[in-house]
Amino acid sequence: MRNMTILVVDDDPVIRRMLEKRLEKEGYEVLIAEDGYQARKILPQQHIDVVLTDLMMPGSIGGIEVLDIAKSISPNIEVILITAHSSVDTAVEAMKKGAADYLEKPINFDELFLRLEKIANVQSIMRNALDLSQAMDTTESAAALTIQNLEIRTAELQSRIESIESILRDEQNPPYERIYKVLDLLEQTDPTRYPK
Amino acid sequence: MLKISPDELKLVAQYIHDISGIYLDQSKSYLFETRLGSIASEHGCNTYKELYQKAKTEPSKIIERKIIDAISTNETLFFRDKGPFELLQHKLLPELIDARTPGSPALKTNLKIWSAASSTGQELYSIAIIIKEMLPNISKYSIKLLGTDISDGAVAQASRGKYNKFEMERGLPGDKLQRYFTMFGDSWTIKDEIRAMVQFRKLNLMLPFAGLGKFDIIFCRNVAIYFTLPDRQKLFNKIADSLADDGYLIIGSTESLTGICPRFIPKRHLRSIFYQKK
């Protein structure tokens, strides 16, 4: 089990069957669509890692349209196009629109498996990075809350020290009066320490 | 990977501090090796001492720039940590706009915001997106959004506004992605309407902030953590000089100014903290 789900989209039943068998043998989870319309139905309903689609298919949903649909659902879905030699230019255009790769017919399976392996590696690194960053976010927000509380508390205490200092330095008042004033201030500003 | 000796560590750490203010922990030799090893081999240096001497004497400063690019951290995201952006949108901007709107409708409202360690630009673009969404009649305002960073590479990428999918992965809500970016291949480019609102340039925070003027809001998040305590004190003192009297400073959510700059007092809004001058 390779932990990757591949949607095969091809109107040719022979190629479809062959891809399905070979990919399953390699340990991939395989879903099948007989044309672009079926692919459009399946894509939003299932978790799919890679779409392997024929470029030219009957009807108005060809490989390029399947690519657009997949990328609009999630930019993380990788799309590999299968093309006839004559349509390589279109395939290159598709790469500009975000396709991961293209394969020329007849399909060389070693080549296909290599590309899938690469995609799997990148996706596992991405997942790992995402896990790490989520762990970092959690730690960071917990630390932030603690630091915020300390920061505000420290500022309050600092300003109280300043008030106390100015009372104590106020030579207009006799010393005992200054002391009473300070005690008053402490009582007002810290009810937890001086419960009534 | 080329190994670094203890003597070289001392030498290189001091050099990096001199050119960037960044203080790298000398007990983490792997940090120096992973970040500088390839620059050394690229320039045919067999030791880090050789690299240091070359970087110091080379007139074009190319190696020095590469070293700064390599050691400065560019971990940043669009809307990294929601708090500061909610704070900006719901409190700081509305208050500033009230305070800055001139009596005569013929005059524009001036606002200057600075992202002091803008890295690859995500923070400043996030700010620009918020402003764009908040102010439908944006032509009534004169808004200056400046991003600065010590790394030439980061400034260049920020100016291009082009990001790969790893850089887009988190933070950015889908609707904003569609609205403000154009996808091309595996990368995303910020649209011109947002790009035109911002400006990026190189600045070493350790040097004087000549000609920047005063800002209404300064973001200086997660950069002072790489500096020594005396350098932090100098930095925030200069930032206080560059901030309007009723302006706002936002630092990283796990940073503190206690014991660093008594000119600022912290204030709380919901789950965020911002600073104002006393």
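The structure displayed is predicted, hence computed values, not measured ones. (Residues numbered from 1 in each chain as written. Chains lettered and ligands numbered in written order. Predicted model: local features only at pLDDT ≥ 70, side-chain atom pairs only at ≥ 80, totals over all residues. Heavy atoms only, no water.)

With that settled, consider the overall build of chain A. Across its full length, chain A holds six helices and five strands. Beginning at the N terminus, the succession of helices and strands in chain A can be written as β-α-β-α-β-α-β-α-β-α-α. Contacts in chain A between residues at least 24 apart in sequence constitute 57% of all its contacts with a sequence separation of at least 6. Per element, the accessible surface of chain A, about 11600 Å² overall, is 54% carbon and sulfur. Averaging the positions of the 22 positive and the 34 negative side-chain charges in chain A gives two centres separated by 2 Å. (Helix = DSSP H or I, 4+ residues; strand = E, 2+ residues; numbered from the N terminus. Contact = heavy atoms within 4.5 Å. Areas by Shrake-Rupley, 256 points an atom, 1.4 Å probe, with all protein chains shown as cover. Lys, Arg positive; Asp, Glu negative; His and termini not counted. Charge placed at Lys NZ, Arg CZ, Asp CG, Glu CD.)

Next up on the list: the state of the cysteines. Residues and elements named next belong to chain B. Throughout the structure, instances matching the rule amount to zero disulfides over all chains. Cys261 carries a free sulfur, and the closest cysteine sulfur to it, the one in Cys220, is 11 Å from it. In this structure Cys261 comes out as buried when scored by relative accessible area, which is 5%. (Disulfide = S-S within 2.5 Å. Buried < 20%, exposed > 50% of the residue type's maximum accessible area, 1.4 Å probe, protein only.)

Residues and elements named next belong to chain B. Here the structure, examined in full by the defined rule, presents 27 salt bridges over all chains. Arg100 serves as the salt-bridge partner of Asp216, at 2.6 Å between the closest nitrogen and oxygen. Residue Asp216 is located in strand β7 (residues 215–220), and its partner Arg100 is located in helix α5 (residues 82–100); the two are separated by 116 residues in the primary sequence. We classify Asp216 as buried; its relative accessible area is 8%. (Salt bridge = Lys/Arg side-chain N within 4 Å of Asp/Glu carboxyl O.)

Looking now at the sheet that holds strand β3 (residues 50–54) of chain A. Residue and element names in this part refer to chain A. Pairing is parallel in the open sheet, where five strands are placed in the order β2-β1-β3-β4-β5. Lying at the two open borders of the sheet, with one neighbouring strand each, are β2 (29–33) and β5 (101–104). The mean angle between the axes of side-by-side strands here comes to 20°, regardless of whether they run parallel or antiparallel. Sheet topology places strand β1 (residues 5–9) next to β2; five bridges connect them, and they run parallel. (Pairing = 2+ DSSP bridges. Axes fitted to C-alpha atoms, helices over the stretch in contact; angles between N-to-C directions.)

This part is about the domain arrangement of chain A. Domain annotation of chain A identifies domain 1 (5–107) and domain 2 (138–189). Its C-alpha centre places domain 1 of chain A at a distance of 67 Å from the equivalent point of domain 2 of chain A. (Domains from an automatic or database assignment.)

This part covers the interface of chain A and chain B. Each side of the interface is counted separately: chain A has 27 residues, and chain B has 26 residues. The tally of links between chain A and chain B comes to zero salt bridges. Scanning the region where chain A abuts chain B turns up six residue pairs in polar contact (both at pLDDT 80 or more). Listing elements by their share of the side of chain A that touches chain B, those giving two or more residues are α4 (88–96) and α5 (109–169) of chain A. Considering every element that reaches the side of chain A that touches chain B, the biggest residue donor is α5 of chain A, with 19 residues. Of the residues that constitute the side of chain A that touches chain B, the class distribution is twelve nonpolar, seven polar and eight charged. (Polar contact = N/O pair within 3.5 Å; in protein donor to acceptor, adjacent residues only side chain to side chain. Nonpolar A, V, L, I, M, F, W, Y, C, P; charged D, E, K, R; others polar.)

This part covers the environment of Asn110 of chain B. Residues and elements named next belong to chain B. When you line up the elements, Asn110 lands in strand β1 (residues 109–115). Separated by 38 residues in sequence, Asn110 and Ser72 have C-alpha atoms that sit 32 Å apart. Setting aside its immediate chain neighbours within four residues, Asn110 contacts Arg100, Ser142 and Asp216.

The next subject is the packing of aromatic side chains. Residue and element names in this part refer to chain B. Applying the stated criterion to the full structure yields seven aromatic pairs over all chains. Look at Tyr248 and Phe274: their rings are 5.5 Å apart centre to centre, the planes differ by 80°, and that puts the pair in the edge-to-face class. Of this pair, Tyr248 sits in strand β8 (residues 243–251) while Phe274 sits in strand β10 (residues 272–277); the two residues are 26 residues apart in sequence, bridging distant segments of the chain. Note on accessibility: Tyr248 and Phe274 belong to one class, buried. Feature note: the residues Trp114, Phe209 and Phe215 constitute an aromatic cluster, connected by ring pairs. Of note, Lys112 hangs over the ring of Phe215, and the distance from its end group to the ring centre comes to 4.6 Å. (Phe/Tyr/Trp six-rings, centres within 6.5 Å; stacked < 30°, edge-to-face > 60°. Lys NZ or Arg CZ within 6 Å of the ring centre and 35° of its normal.)

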